[in-house]
Amino acid sequence: MIQLKTFNRKELEDFVLSGAYQQYDFLPITKHRALSQIKNPKALDEDTLLILAFFEDRLVAYVGCFPDQLIIDGNMIHYAWLSTLYVNPEFRKKRPAKILLKKVFEEYKGKIAITEFTKEAEALYTIMGVFDDVFPKEGKRYYFRTDAAVIIPEKKPDTKVLKPLFHILDTAANSLISVKNLKTQKPDFHYEILDRIDVESADFIKKNPGMRDAETINTFIDNPWVLEGKAEERYLFSSFAEVFSYFWVKIYDEKDTLIACLLLQLRDGYLKIPYLFSSSDLDKVVRFLSYFIVKNKVKGFTSYQTQLNDAISQSKSFPKIYERNFKREYLFHKDLLRELPKNFNPHYQDGDGDCMMT
């Protein structure tokens, strides 16, 4: 029989600081991911953040929860994102995933949302019949450099023996791209790059509000789920990367008035914009991104910022060599949807949900 163990903030802190989380065949969480969960300003002390499933005292599965809030007409709706769900393949026939999900629904009274899920997980969520696909976001992924030595072997493992050849082709192609990008100039307008949000930016965000305020975003910047370092092989989700950095960018107009703020996340050559706040058109943002991408040798950039993508499509200097359409799906539990007004749109940014942390 499957047995469950839940962890709230205090229990999760004791669990990781004692080192007890390391005793299993696979890790249900890493220390820094746990501490990030604990410091989430949207989490309540009694919220369940992690649930472990055991069979005969052996850990067989786990699920992570990332509490969040929606403020609608002054009323707060407390809910949670599913941030992780893993089942040891040896025990799938015992259906621990369904047992874990039913426990999550119980803990949060059905107020559950999910995004960035795998096709395998989506099949499970569909079978349960309690989720609706809502608020989809159309996005773009732009490519600036070739990365065949990584991409091709990942998709076609049989080609791993050809990696040296792919490296040679990448080097040749990227050398030509670098020559082409020499004409990309440093922006001629005032901008600043910080490591976190400052007071001026916080005031700007208040005038151009989104789902997150400056204090919350700074908490996430200071406590990321991903650290630079060697991957932990016993943990199956995001935890370490060779390069992982946040950049808070401030862009000014000719009168030295702040007109845009954006958070950039750079991970192993791939760029995201979790948050973008702007009071004008995005031409200067696109020009800054063009320079940043070339300077940092960015390989790819994913954006669900619709207005930004429109501005990029109008730019003749954006250094992309290829682009693809992407779609982000959101699954909301029917009980959570019942709490929302008709025609409600959360206007999520790229970093909303637990996406900000990773």
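Below is a short write-up of the structure. Remember, it's a predicted structure, so these values are computed and weren't measured experimentally. (Residues numbered from 1 in each chain as written. Predicted model: local features only at pLDDT ≥ 70, side-chain atom pairs only at ≥ 80, totals over all residues. Heavy atoms only, no water.)

### Description of the overall build of the protein chain
On a plain count of helices and strands, the protein chain comes out with 11 helices and 14 strands. Here the protein chain has a C-alpha radius of gyration of 22 Å; the compact-globule value for 358 residues is 21 Å, and the two agree. Counting across all 358 residues of the protein chain, residues that qualify as buried make up 52%. The long-range share in the protein chain, meaning contacts at least 24 apart out of those at least 6 apart in sequence, stands at 71%. Only carbon and sulfur atoms are counted for the fraction: they give 50% of the accessible area of the protein chain, which is about 18,400 Å². Averaging the positions of the 52 positive and the 51 negative side-chain charges in the protein chain gives two centres separated by 4 Å. (Helix = DSSP H or I, 4+ residues; strand = E, 2+ residues; numbered from the N terminus. Rg over C-alpha atoms; globule rule 2.2 N^0.38 Å. Buried < 20%, exposed > 50% of the residue type's maximum accessible area, 1.4 Å probe, protein only. Contact = heavy atoms within 4.5 Å. Areas by Shrake-Rupley, 256 points an atom, 1.4 Å probe, with all protein chains shown as cover. Lys, Arg positive; Asp, Glu negative; His and termini not counted. Charge placed at Lys NZ, Arg CZ, Asp CG, Glu CD.)

### A short note on the pattern of salt bridges
All chains considered together, the criterion is met by 25 salt bridges. Two residues, Lys-137 and Asp-350, come together in a salt bridge whose shortest N-O distance is 3.9 Å. Here the residue Lys-137 occupies a position in strand E6 (residues 131–143), and Asp-350 occupies one in the segment after helix H11 (334–337), the gap between them amounting to 213 residues. Here Asp-350 falls in the buried class, since its relative accessible area comes to 7%. Among the ionic contacts, a cluster of salt bridges with common partners joins Glu-192, Asp-198, Glu-200 and Lys-250. (Salt bridge = Lys/Arg side-chain N within 4 Å of Asp/Glu carboxyl O.)

### Structural notes on a nonpolar patch on the surface
A surface patch of nonpolar side chains, amounting to about 380 Å² of accessible area, comprises Val-161, Leu-162, Leu-165 and Leu-169. Relative to the assigned elements, Val-161 resides in the loop between helix H5 (148–155) and helix H6 (163–180). (Patch = residues over 30% accessible without salt bridge, like charges linked within 9 Å, V, L, I, M, F, W, Y side chains within 5 Å.)

### A few points about the pairing of strand E14 (residues 322–333)
Inspection of the sheet shows strand E5 (residues 112–115) paired to E14 by 3 bridges, in the antiparallel sense. Bridge pairing in E14 links Ile-114 to Leu-331. By the bridge criterion, 11 bridges tie E6 to E14 in an arrangement that is antiparallel. Opposite Lys-137, over in E14, you have Arg-328 as the bridge partner. (Pairing = 2+ DSSP bridges.)

### Focus on the sheet that holds strand E13 (residues 300–303)
Here 12 strands make up an open sheet; going across it, the order is E1-E2-E3-E4-E5-E14-E6-E13-E12-E11-E10-E7 and the pairing mixed. Strand pairing shows two members of the sheet lacking a second neighbour, strand E1 (2–7) and strand E7 (191–194), which therefore form its edges. On average, each strand axis in the sheet is tilted by 25° relative to the strand beside it, whichever way the strands run. Of the strand pairs in this sheet, E6 and E13 are connected by 4 bridges, and their pairing is antiparallel. (Axes fitted to C-alpha atoms, helices over the stretch in contact; angles between N-to-C directions.)

### A word on the nonpolar core
Core analysis: the largest hydrophobic core is formed by 48 residues, its most contacted members being Leu-12, Phe-15, Leu-52, Ile-112 and Tyr-125. Sequence-distant contacts of Ile-112, defined by excluding residues within four places in its chain, comprise Ala-80, Leu-82, Val-104, Phe-105, Phe-131, Leu-331, Phe-332, His-333 and Leu-336. One finds Ile-77, Ala-202, Leu-263 and Tyr-275 within the second-largest nonpolar core, a separate group that totals 37 residues. (Core = buried A, V, L, I, M, F, W, Y, C linked by side-chain atoms within 4.5 Å.)

### A short note on the packing of aromatic side chains
With the rule as written, the count across this model stands at 32 aromatic pairs. Summarising the aromatic geometry, the rings of Tyr-142 and Phe-301 are spaced 5.8 Å apart at their centres and angled 25° between planes, so their arrangement reads as stacked. Within this pair, whereas Tyr-142 is found in strand E6, its partner Phe-301 is found in strand E13, the two being separated by 159 residues in sequence. Taken as a pair, Tyr-142 and Phe-301 share a single burial class, namely buried. (Phe/Tyr/Trp six-rings, centres within 6.5 Å; stacked < 30°, edge-to-face > 60°.)

### Here's the deal with helix H8 (residues 214–222)
Extensive coverage of H8 is indicated by the burial of 7 of its 9 residues. Every buried residue of H8 is accounted for by Ala-214, Thr-216, Ile-217, Asn-218, Thr-219, Phe-220 and Ile-221. In this structure, the buried residues of H8 make contact with helix H2 (31–39), strand E3 (58–72), helix H7 (199–207), strand E10 (244–252), strand E11 (258–267) and strand E12 (270–278).

### Here's the deal with the side chain of Ser-201
Position of Ser-201 among the secondary structure elements: in helix H7. Ser-201 gets classed as buried once you look at its relative accessible area, which sits at 0%. With sequence-adjacent residues up to four places away left out, Ser-201 is seen in contact with Trp-248, Lys-250, Leu-258 and Cys-261.

### A word on unusual backbone geometry
What is expected of a backbone is that most residues other than glycine have negative phi and most peptide bonds are trans. With a phi close to 55°, Arg-95 is a non-glycine residue in the positive phi region. Phi is positive for Asp-256, which is not a glycine, with a value near 65°. Mapped onto the elements, Asp-256 comes out in the loop between E10 and E11.

### Quick look at the pairing of E13
Taking every second residue as pointing to the same face, both faces of E13 are buried, with Gly-300 and Thr-302 on one and Phe-301 and Ser-303 on the other. In this structure, E12 lies alongside E13, joined through 3 bridges in parallel fashion. Of the residues in E13, the one forming a bridge with Lys-272 is Thr-302. In this fold, E12 hands off to helix H9 (residues 283–295), which returns the chain to E13; that crossover is right-handed. (Right-handed = clockwise from strand over helix to strand, strands pointing away.)

### Brief notes about the side chain of Ser-239
Turning to its location among the elements, Ser-239 is positioned in the loop between strand E8 (227–228) and strand E9 (240–241). In this structure Ser-239 touches Thr-30, His-32, Trp-225, Val-226 and Leu-227, once residues within four positions along its chain are discounted.

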